[in-house]
Amino acid sequence: MRPVFRGNSPQPADFHNYEDAKLFLVSRLGHYCSYCERYIATQLAVEHIQPKGLPAYAHLEGSWNNYLLACVNCNSTKKDKDVVFSDVLLPDRDNTFIAFEYTLDGRVTPSAAARKAGLEMFAHHTLSLTGLDKSVSKIFDENGKAVALDRVAQRLEVWSEAQDAKNDLDSDPSNLLAQDVTTKLAAARGFFSIWMTVFHDNPNMRNRLIDAFEGTRASGCFDPVTTLPISPASNPDKLPHGGKI
Ligand SMILES: [Zn+2]
């Protein structure tokens, strides 16, 4: 899960209408769901981390620091579930890249690093919050062709695209045009963590990817030279319970 830096609120007061924050959030974080990492051209929603539907958090409806961006699937699964910052890993305050492992079968699971840090349960909380631990559902069109409608199926598609791109680059590593095309394809498709995993042994491409996804470099979660994740996160926004991993 891509760690992000939201930065200071673009306005001094809370948002009267939280949807007015969307433009600023997209500018800072890109057109991606903050949880499942998909590129969402339309219907990307301002997501209240602590749900505005729970009375305890109703006062945070206009609060910039309570916003991320989410797709319909993640948003509707998360709904009004309580979010206790001390018990969950979140992309605006923790190094959520190192906390999860993306595997070829399309699954997302808590990583070895999360287990080693004793944070496996917190990582599970994050996945169940948005249903990212759900298994793949096979959907077929009228011709029997599998259609990638859900998040798992889309992860599988992007795995395949990223591996094809890597194979091409491996045959001509200094091809700047291929590097550029691959970076743009990644930015257009989303799933930052999959691209970073596929290019795990290529710091040049990883640096390109970190820069291609808005708000990632500024999270301070990646070493600028090695591109390895820095943990715990520096939590530059100084958010409560940030920097757990
Ligand atoms: Zn999503």
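Below, the structure is looked at part by part. (Residues numbered from 1 in each chain as written. Predicted model: local features only at pLDDT ≥ 70, side-chain atom pairs only at ≥ 80, totals over all residues.)

## Details of the environment of alanine 112
We apply this condition: Only DSSP runs of H or I reaching four residues or more are called helices, and only runs of E reaching two or more are called strands; each is numbered from the N terminus. Three exposure classes are used, based on other C-beta atoms lying within 10 Å of a residue's own C-beta, which is placed from the backbone: buried for 20 or more, exposed for 12 or fewer, and partly exposed in between.
You can see alanine 112 is positioned in helix H4 (residues 112-116). On the basis of neighbour counts, which here come to 11 C-beta atoms within 10 Å, the residue alanine 112 falls in the exposed class. For alanine 112 and leucine 156, which are 44 residues apart along the polypeptide, the C-alpha to C-alpha distance reads 22 Å.

## Concerning the packing of helix H6 (residues 151-171) against helix H7 (residues 176-189)
Heads up, the rule is: Each axis is a line fitted through C-alpha atoms, taken for helices only over the stretch in contact, and angles between the N-to-C directions span 0 to 180 degrees. Angle categories are assigned with fixed cut-offs, so that under 35 degrees is roughly parallel, over 145 is roughly antiparallel, 65 to 115 is roughly perpendicular, and the rest are oblique. For every residue pair, C-beta atoms are placed from the backbone, and the pair is scored as a contact if these atoms sit within 7 Å. Each residue is assigned to one class: nonpolar for Ala, Val, Leu, Ile, Met, Phe, Trp, Tyr, Cys and Pro, charged for Asp, Glu, Lys and Arg, and polar for all the others, Gly among them.
Relative to each other, H6 and H7 sit at 170°, their axes nearing to 10 Å. Judged by the inter-axis angle, H6 sits roughly antiparallel to H7. Mapping the contact onto sequence places Val158, Glu161, Ala165, Asp168 and Leu169 in H6 and Ala178, Gln179, Thr182, Leu185 and Arg189 in H7. Each residue belonging to the contact of H6 with H7 can be placed in one class, and the counts come to 5 nonpolar, 2 polar and 3 charged.

## Comments concerning the environment of phenylalanine 24
Along the chain, phenylalanine 24 falls in helix H1 (residues 22-29). Spatially, the C-alpha atom of phenylalanine 24 lies 8.8 Å from that of serine 9, the residues being 15 residues apart in sequence.

## Points about the nonpolar core
Our working rule: Here, a nonpolar core means buried Ala, Val, Leu, Ile, Met, Phe, Trp, Tyr and Cys residues linked by C-beta atoms lying within 7 Å of one another.
Ranked by internal contacts, the top residues of the largest apolar core, which has 62 residues, are Cys33, Leu69, Trp195 and Leu209. Leucine 209 has contacts with Thr183, Ala186, Phe192, Trp195, Met196 and Phe199, leaving out every residue within four places of it along the chain.

Remember, this is a structural readout, not a statement about activity or role.
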